[in-house]
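Listed here are the chains, written in short residue letters.
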Amino acid sequence: MALPIYDDHLHLSPSGRNIEALKEFKAEGGTGLTLVNLPYPEVQIADGEDFRKAYDITVNFSEAGRELGLNVHTAVGPYPILLIHLAEQYGLEHAESIMMRGMEIAAEYVADGRADLIGEVGRPHFAAPQDIVDACNRVLQYGMDLAHENDCAVMIHSESEEWTDRNLAEMARSSGMDPRMVVKHSSPPWVTLEETYGVTPSVPASRKLIREALSKGRHFMLETDFIDDPARPTSIMAVTTVPKRVKGLYTTGELSEEDVYRMCQDIPESLYGRR
């Protein structure tokens, strides 16, 4: 029996292998994924409306993935590190307004069915000036407000400190969101409620991290963060990593059929299933 196998964070690039990478994912046993927007070199963001060009690339790749028979959920949103580059060009106040407009357009794509969630959005994962972090948090809070209005999930790019999930849960509640609808991309193997504060973890699919997460529970998803960069084809993880890990752990008995269905079907569908 074919098991559902879901990668919760995967990127495709116009200059990369894109659809060929999805074919490889499917051939290895992958059945579904969250396809996440990133800034594309082909699209220069100088105005909020420019985000439409980038989001359309992601949406078109998603449609091609569905034509292959994959269950693709689409995430669009203004990548937080972009704020730093925009601030260098236009000043922080104008950069923040561009990012806010990117959030609004992302919510528009969710509302009309072109996307399923807002992401990846958040704040730098590295040390940054406080004014940058504050601006990112304002943009993120606005994104959560819009997600609540549209009853959709938000995928977060941020630091991974011991206080991170607590802070994200507080931000979600202030917007009226259930923290469960906040997905922490590249999450440490935090699974218990005491660790996540209700935020949903998306854990990189290394054997070590998966096994540590499994030692605590089953409420998490797996991801590669495959970036489809032809200059760095092995950067982060290969597109086939999640199928290989899930099948391997199922074969050894470390994952039961029920576990696989929970992590690769039930959780993603409960968060993103808008179709």
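Described below are features of the structure shown in this document.

What about the packing of helix α3 (residues 82-90) against helix α5 (residues 130-150)?
Two numbers describe a pair of packed helices, the interaxial angle and the distance between the axes.
Okay, so step 1: Across the interface, α3 lies against α5 with an axial gap of 10 Å and an inter-helix angle of 120°. Of the two possible hands of crossing, α3 and α5 adopt the one that is right-handed. Each of Leu83, Ile84 and Ala87 in α3 lies in contact with α5, whose residues at this interface are Ile132, Ala135 and Cys136.
Okay, so step 2: Here the contact of α3 with α5 is composed, by residue class, of six nonpolar, no polar and no charged.

A short note on a negative patch on the surface
Okay, so step 1: Together, Glu257, Glu258, Asp266 and Glu269 make up a negatively charged patch on the protein surface.
Okay, so step 2: The partly exposed category is assigned to Glu269, whose relative accessible area is 32%.

Looking at the nonpolar core
Okay, so step 1: Formed by 90 residues in total, the largest nonpolar core has its most connected members in Ile118, Met144 and Tyr272.
Okay, so step 2: Broken down by element, this core gets its largest block of residues, 10 residues, from helix α4 (residues 92-111).
Okay, so step 3: Apart from residues lying up to four places away in sequence, Tyr272 is in contact with Tyr6, Asp8, Thr34, His73, Asp116, Leu117, Ala153, Met155, Val183 and Met221.

Section: the packing of aromatic side chains
For any pair of aromatic rings, geometry is given as the distance between the ring centres together with the angle between the planes.
Okay, so step 1: Summed over all chains, the structure comprises two aromatic pairs.
Okay, so step 2: Note on Tyr55 and Tyr109: the rings are 5.5 Å apart at their centroids and 80° apart in plane angle, and the pair reads as edge-to-face. Taken together, the residues span a long stretch of sequence, with Tyr55 in helix α2 (residues 51-67) and Tyr109 in helix α4 at a distance of 54 residues. With respect to burial, Tyr55 and Tyr109 carry one shared label: buried.
Okay, so step 3: Each member of the aromatic cluster is reached from another via a ring pair, and the members are Phe51, Tyr55 and Tyr109.
Okay, so step 4: Arg114 extends its terminal NZ or CZ atom over the ring of Tyr109, reaching a point 3.7 Å from the ring centre.

With respect to the pattern of salt bridges
Okay, so step 1: Inspection of the entire model under this criterion finds 17 salt bridges.
Okay, so step 2: Residues Glu49 and Arg101 are paired through a salt bridge, measuring 2.7 Å at the closest nitrogen-oxygen approach. Within this pair, whereas Glu49 is found in the loop between β2 (32-36) and α2, its partner Arg101 is found in helix α4, the two being separated by 52 residues in sequence.
Okay, so step 3: What makes Glu49 partly exposed here is its relative accessible area of 33%.
Okay, so step 4: Two residues, Arg114 and Glu108, come together in a salt bridge whose shortest N-O distance is 3.5 Å.
Okay, so step 5: For Arg114, a relative accessible area of 30% puts it in the partly exposed group.
Okay, so step 6: The exposure class assigned to Glu108 is partly exposed, which follows from its relative accessible area of 29%.
Okay, so step 7: Here the residues in one salt-bridge network are Glu49, Arg52, Arg101, Glu104, Glu108, Asp112 and Arg114, joined through shared partners.

Comments concerning the sheet that holds strand β6 (residues 182-184)
Okay, so step 1: Taken in spatial order, the eight strands make up an open sheet running β1-β2-β3-β4-β5-β6-β7-β8, and their pairing is parallel. Every other strand in the sheet has two partners, leaving β1 (6-10) and β8 (221-223) as the edge strands with one partner each. Shown here is a sheet whose adjacent strand axes are inclined to one another by a mean of 25°, direction ignored.
Okay, so step 2: Of the pairings in the sheet, the one linking β2 to strand β3 (residues 71-76) comprises five bridges and is parallel in character. Paired with Gly32 across the strands is Asn71, a residue of β3.
Okay, so step 3: Packed on one face of the sheet, α5 meets β4 (117-122), β5 (153-157) and β6 and runs near 165° to β4.

Rules used in this analysis
Residues numbered from 1 in each chain as written. Predicted model: local features only at pLDDT ≥ 70, side-chain atom pairs only at ≥ 80, totals over all residues. Heavy atoms only, no water. Axes fitted to C-alpha atoms, helices over the stretch in contact; angles between N-to-C directions. Helix = DSSP H or I, 4+ residues; strand = E, 2+ residues; numbered from the N terminus. Left-handed = near helix turned anticlockwise from the far one by under 90°. Contact = heavy atoms within 4.5 Å. Nonpolar A, V, L, I, M, F, W, Y, C, P; charged D, E, K, R; others polar. Patch = residues over 30% accessible without salt bridge, like charges linked within 9 Å, V, L, I, M, F, W, Y side chains within 5 Å. Areas by Shrake-Rupley, 256 points an atom, 1.4 Å probe, with all protein chains shown as cover. Salt bridge = Lys/Arg side-chain N within 4 Å of Asp/Glu carboxyl O. Lys, Arg positive; Asp, Glu negative; His and termini not counted. Charge placed at Lys NZ, Arg CZ, Asp CG, Glu CD. Buried < 20%, exposed > 50% of the residue type's maximum accessible area, 1.4 Å probe, protein only. Core = buried A, V, L, I, M, F, W, Y, C linked by side-chain atoms within 4.5 Å. Phe/Tyr/Trp six-rings, centres within 6.5 Å; stacked < 30°, edge-to-face > 60°. Lys NZ or Arg CZ within 6 Å of the ring centre and 35° of its normal. Pairing = 2+ DSSP bridges.

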